[in-house]
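Understanding the architecture of this molecule
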Amino acid sequence: MILMKDITRDGDPVLRKEAAKVSFPLSEEDQKLADDMMEYLKVSQDPELCKKYGLRAGVGLAAPQVGVSKMMAAVLVPAEEGAKSPFTDVIINPVIISHSVQSGALTEGEGCLSVDKEVPGFVPRHDRITLRYQDTKGETHKVRLKNYPAIVCQHEIDHLHGILFYDHINKDNPYEVSDDTIMFE
Ligand code: UDB
Ligand code: ZN
């Protein structure tokens with residue numbers, strides 16, 4: 001089981017690398033990685049188990065965050081948070097094939113399981129995205145996501161390209177966003 005000690009922290013070069021594409025059928029190792037990452041999210045979202053194992057409750061986890069530089073991330077956005085669009089899957093070789101002009105940001109800013117300090121400021125992202133990815137069976141999906149699930153997927157996809165959330169924060173004016181950025185909880 002993945003624990004906090006297994007999660008790579010900011011400063012580890014693996015978090016700044018471009019991850020490698022995953023090929024199919026998945027190797028046993030890659031399948032286990034997918035299962036382990038999703039298990040982390042499930043266990044961490046169970047308040048009792050989260051406390052028992054000393055985890056941070058996560059909604060997404062990318063392979064580089066467990067030291068594996070491959071294009072794979074688990075996403076588990078519970079129904080309450082996803083509003084009308086909960087989203088759960090292990091996304092492999094994900095590509096944002098189109099996005100809204102409209103940007104969006106979380107009012108609370110963002111954090112990261114790999115970043116132990118708080119970095120204040122808004123993280124502007126696309127409000128809506130069309131995402132193409134493969135699941136663990138190698139089946140290709142094309143999904144439209146908006147608001148919170150779209151933000152989580154963009155955060156995870158960033159990890160696959162060596163980008164961290166605070167890279168997007170305006171350094172001179174962390175709470176400045178353009179007029180047309182939708183803010184949501
Ligand atoms: C998170 N958790 O997992 F709506 F059960 C953040 C951390 C960094 C605070 C742990 C989070 O948003 N928790 C959460 C939210 C819910 C319901 C719930 C738990 N991530 C994922 C991450 O670091 N992936 O690499 C950070 C999020 C910030 C914006 C999107 C992802
Ligand atoms: Zn992160």
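Residues numbered from 1 in each chain as written. Chains lettered and ligands numbered in written order. Predicted model: local features only at pLDDT ≥ 70, side-chain atom pairs only at ≥ 80, totals over all residues. Heavy atoms only, no water.

- Per an unreviewed UniProt entry, the protein is named Peptide deformylase, and its organism is Secundilactobacillus silagincola.
- We quote the UniProt Function (unreviewed entry) comment for the protein here in full: "Removes the formyl group from the N-terminal Met of newly synthesized proteins. Requires at least a dipeptide for an efficient rate of reaction. N-terminal L-methionine is a prerequisite for activity but the enzyme has broad specificity at other positions."
- For the record of the protein, the UniProt heading Catalytic activity (unreviewed entry) holds the text "N-terminal N-formyl-L-methionyl-[peptide] + H2O = N-terminal L-methionyl-[peptide] + formate". (UniProt positions renumbered as here; feature names shortened; annotations may be inferred.)

1. Looking at the environment of N147
- Its place among the elements puts N147 in helix α3 (residues 147–160).
- Look at N147 and you get partly exposed, because its relative accessible area is 28%.
- Between the C-alpha atoms of N147 and D116, which are 31 residues apart in sequence, the distance is 25 Å.
- Apart from the residues lying within four places of it in its own chain, the contact partners of N147 are D127 and F184. (Helix = DSSP H or I, 4+ residues; strand = E, 2+ residues; numbered from the N terminus. Buried < 20%, exposed > 50% of the residue type's maximum accessible area, 1.4 Å probe, protein only. Contact = heavy atoms within 4.5 Å.)

2. Here's the deal with the UniProt feature "active site" (unreviewed entry) in the protein
- If you check UniProt for "active site" (unreviewed entry), the listed places come out as E156 in our numbering.
- Note on placement: E156 falls in helix α3.
- Overall, the relative accessible area of 3% leaves E156 in the buried class.
- If sequence neighbours within four positions are ignored, E156 has contacts with G60, L61, A62, Q65, A73 and V75.

3. Here we look at the sheet that holds strand β7 (residues 140–146)
- As summarised here, the arrangement of the five strands in space is β1-β2-β3-β6-β7, forming an open sheet in which the pairing is antiparallel. Bordering the open sheet on either side are β1 (60–62) and β7, each of which pairs with just one other strand. Ignoring strand direction, the axes of neighbouring strands in this sheet form an average angle of 40°.
- Examined bridge by bridge, strand β6 (residues 128–134) and β7 share seven bridges and lie antiparallel to one another. Note on β7: the bridge partner recorded for L131 is V143.
- Running at roughly 25° to strand β2 (residues 72–77), helix α1 (residues 28–44) makes contact with β1, β2 and β3 (87–99) of the sheet.
- The sheet strands contacting α3 are β1, β2, β3, β6 and β7, and the helix crosses β2 at an angle near 160°. (Pairing = 2+ DSSP bridges. Axes fitted to C-alpha atoms, helices over the stretch in contact; angles between N-to-C directions.)

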